[in-house]
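Structural overview for review
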Amino acid sequence: MSKYILMENTPVETAQATESLEEKYEKLEQKVAYLTRQVAWYEEKLLIAQHKRFGTSSEHSDADQLRLFNEPEAEVDSVEEEPVIETVTYERRKKQPGQREEMLKNLPVETIEYKLPEEEQVCVCCGGHLHEMSTEVRRELKIVPAQMKVVEHIQYVYSCRNCERNEIETPIETAPMPRPAFPGSLASPSTVAYIMSKKYVEGMPLYRQEKQFARHGVQLPRQTMANWVVLGADQWLSKIFERLHEQLLKQRFLHADETTLQVLNEPGRVAESKSYMWLYRSGRYEAPIVLFEYQETRSKEHPKKFLTGFKGYLHVDGYSGYNDVQDVTLVGCWSHARRKFDESLKALPASSRSSPVAARQGLDFCNKLFAIERGLKDVTLEERYNARLEQSKPVLDAFSSWLHEQSVQALPKSALGGAITYCLNQWSKLTAFLEDGHLEIDNNRSLCS
């Protein structure tokens, strides 16, 4: 008799085992699907990061531009590879008639005449006297480099000799003289204005200006220039800023944006602390005013306080910090919306980008809106308003239906899902540009980031 006894499972045990295997299979399927989504999400992030690092972008901010703001505060009290030579072929644009005259019309003219001496105005053929038959004119652009000189302000003081001899008190009269920019300083208003203009308009850092002054024979340390910049801003430009701020709040159409920067040598904060530069500016059809305000945080209280008293339309991006600004209608930015669909398209494999995928469809909707705007660039405000209702609104209606359809299918954490969610959450702001011909389709006028 065999020592082993073969036991058969009962039908109940078999069913239980089958159910257990099915549950494990479903859990494994769910896990695989989850991990697949995670891998796809990380691949999207990697492709987007690679494009931002190595690809071209018209919205890229140069770190050196932001450094312009904090160099004075920082200054108060590598081997490069050979450049690659490349051949560029281009077509020369034919100059339009009168283009040179238009360019030079506002410049002063210095005339230099070249005449023959009287004794040389003799004909070599017959010896007769030569007369002025015509003139030939050659025009050139002349540049006079910056000149430096010392200005001595001599103030005369007057008194009365008769009173000096006969009276107890002698009246003293002093000739009026302009106040200095800073008491006890060599700085003149023109010098401070020159340094500020070179730095903030032309982007020349103070250390380079220091070398430029040295070439003119003036040893002007960058620390001194930094002091002048800070003092000039605090004592003089702040008054202009306040006046411009008052005028800005009287406008009806504004733009706002904010971007991060690091400030060096800031009391109580490490150099790596993240700070913010807020930008506010007037609209396209109003007096051009651009104001920057530095703040340590991105708190919603900053725009709320800065824009107190403003009533009108405010162009912004998707940052919720502007939502609490009172008495304003927020106008969204289609450049931000378009960028998100563009990123979701670039997150796909290169072989899929040209096919009619959802990311491509969303991008096409945005491109249609921008194409309409390009056609309305030079029309009147009323014509733009009416044309938008006729041309842009149908595109927006179709886009809205498409967004709601895709929101059910797209993964929320994917780049495409983020683009769709952004548009749906911002829809009332993104469609606000239809309300007035003054409004713009994007916030690029105040783009900081």
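See the structure printed just above.
Residues numbered from 1 in each chain as written. Predicted model: local features only at pLDDT ≥ 70, side-chain atom pairs only at ≥ 80, totals over all residues. Heavy atoms only, no water.

All right, on to the overall build of the protein then. On a plain count of helices and strands, the protein comes out with 13 helices and seven strands. Classification of the 449 residues of the protein by burial places 30% in the buried group. Summed over all atoms, the accessible surface of the protein reaches about 32700 Å², with 53% contributed by carbon and sulfur. (Helix = DSSP H or I, 4+ residues; strand = E, 2+ residues; numbered from the N terminus. Buried < 20%, exposed > 50% of the residue type's maximum accessible area, 1.4 Å probe, protein only. Areas by Shrake-Rupley, 256 points an atom, 1.4 Å probe, with all protein chains shown as cover.)

Turning our attention to the sheet that holds strand E7 (residues 328-331). Strand order in the open sheet formed by five strands is E5-E4-E3-E6-E7, and the pairing between neighbours is mixed. Of all strands in the sheet, those bounded by a partner on one side alone are strand E5 (290-295) and E7. Neighbour-to-neighbour, the strand axes of this sheet turn through a mean angle of 25 degrees, independent of strand direction. Pairing geometry for strand E3 (residues 253-261) and strand E6 (residues 312-315), over three bridges, is parallel. Note on E6: the bridge partner recorded for Leu254 is Leu314. (Pairing = 2+ DSSP bridges. Axes fitted to C-alpha atoms, helices over the stretch in contact; angles between N-to-C directions.)

The full count for this structure, using the stated rule, is 16 salt bridges. Its salt-bridge partner being Arg222, residue Glu210 comes within 2.7 Å of it at the nearest N-O pair. Of this pair, Glu210 sits in helix H6 (residues 206-215) while Arg222 sits in helix H7 (residues 222-249), placing them twelve residues apart in sequence. Given the relative accessible area of 26%, Arg222 is considered partly exposed. Close ionic contact of Arg252 with Asp436 constitutes a salt bridge, the shortest N to O distance being 3.5 Å. Pair noted here: Arg252 is in the loop between H7 and E3 and Asp436 is in the segment after helix H13 (427-430), with a separation of 184 residues, a long-range link. (Salt bridge = Lys/Arg side-chain N within 4 Å of Asp/Glu carboxyl O.)

It is worth spelling out the packing of aromatic side chains at this point. Applying the stated criterion across every chain, the model contains 15 aromatic pairs. Ring geometry for Trp278 against Tyr319: centres 6.4 Å apart, planes inclined by 50 degrees, an arrangement best described as tilted. In this pair, Trp278 sits in strand E4 (residues 275-282) while Tyr319 sits in the loop between E6 and E7, placing the two residues 41 residues apart along the sequence. A residue is classified by how much of its surface remains accessible, and Trp278, at 0% relative accessible area, is buried. Their ring planes at 55 degrees and their centres at 5.9 Å tell us that Phe341 and Phe399 sit as a pair that is tilted. Separated by 58 residues along the polypeptide, Phe341 in helix H9 (residues 334-346) and Phe399 in helix H11 (residues 381-409) bring together distant segments of the chain. Of the two residues examined, Phe341 and Phe399, each falls in the buried class. Among the aromatic residues, ring-to-ring pairing joins Trp334, Phe341, Phe365, Phe399, Trp402 and Trp427 into one connected group. (Phe/Tyr/Trp six-rings, centres within 6.5 Å; stacked < 30°, edge-to-face > 60°.)

One full turn of an α-helix is made of 3.6 residues, so residues set three or four places apart face in the same direction. The end-to-end C-alpha distance of H9, which contains 13 residues, comes to 18 Å, matching closely the 18 Å that a straight helix rising 1.5 Å per residue would cover. The set of residues buried in H9 consists of Trp334, Ser335, His336, Ala337, Phe341, Asp342, Ser344 and Leu345. Considering only its buried residues, H9 is in contact with helix H10 (358-375), H11, helix H12 (415-425) and H13. (Expected span 1.5 Å × (residues − 1). Contact = heavy atoms within 4.5 Å.)

This part is about the nonpolar core. Grouped together as the largest cluster of nonpolar side chains are 35 residues, with contacts concentrated most on Trp334, Phe341, Phe399, Leu403, Cys423 and Phe433. Taken together, the elements giving at least two residues each to this core come down to H9, H10, H11, H12 and H13. For this core, the element with the most residues is H10, which contributes eight residues. Contacts of Cys423, omitting those with residues within four sequence positions, involve Ala337, Phe341, Phe399, Leu403 and Leu430. (Core = buried A, V, L, I, M, F, W, Y, C linked by side-chain atoms within 4.5 Å.)

A grouping of Glu19, Glu22, Glu23, Glu26 and Glu29 is seen on the molecular surface, where their side chains present a negatively charged patch. Relative to the assigned elements, Glu26 resides in helix H1 (residues 11-54). (Patch = residues over 30% accessible without salt bridge, like charges linked within 9 Å, V, L, I, M, F, W, Y side chains within 5 Å. Lys, Arg positive; Asp, Glu negative; His and termini not counted. Charge placed at Lys NZ, Arg CZ, Asp CG, Glu CD.)

On to a nonpolar patch on the surface, then. On the surface, a cluster of nonpolar side chains totalling about 340 Å² of accessible area is made up of Leu107, Leu141 and Ile143. Given the relative accessible area of 61%, Leu141 is considered exposed.

Quick look at the environment of Gly283 now. Locating Gly283 in the fold gives a position in the loop between E4 and E5. Between the C-alpha atom of Gly283 and that of Leu439, which follows or precedes it by 156 residues, the distance is 8.0 Å. Look past the residues within four positions of Gly283 in its chain and what remains in contact with it is Phe253, His255 and Arg445.

It is generally the case that most residues other than glycine have a negative phi and that most peptide bonds are trans. Despite not being glycine, Asp327 has its phi angle at roughly 65 degrees, a positive value. Inspection of the secondary structure assignment puts Asp327 in the loop between E6 and E7. In this structure Asp327 comes out as exposed when scored by relative accessible area, which is 53%.

So, on to the environment of Val263. Within the fold, Val263 resides in the loop between E3 and E4. Measuring from C-alpha to C-alpha, the distance between Val263 and Tyr276 comes to 9.4 Å, with 13 residues separating the pair along the chain.

This brings us to the pairing of E6. The sheet contact formed by E6 and E7 spans four bridges and is parallel. The residue bridging Tyr313 from the neighbouring strand is Thr329, located in E7.

The next subject is the packing of H9 against H10. At their nearest, the axes of H9 and H10 sit 8 Å apart, and the two run at 150 degrees to each other. Put simply, H9 runs roughly antiparallel to H10. You can see that H9 and H10 cross each other, and the crossing is left-handed. Where H9 abuts H10, its residues Trp334, Ser335, Ala337, Arg338, Phe341, Asp342, Ser344 and Leu345 lie against Ala359, Arg360, Gly362, Leu363, Cys366, Asn367, Leu369 and Phe370. The class makeup of the residues in the contact of H9 with H10 is nine nonpolar, four polar and three charged. (Parallel < 35°, antiparallel > 145°, perpendicular 65-115°, else oblique. Left-handed = near helix turned anticlockwise from the far one by under 90°. Nonpolar A, V, L, I, M, F, W, Y, C, P; charged D, E, K, R; others polar.)

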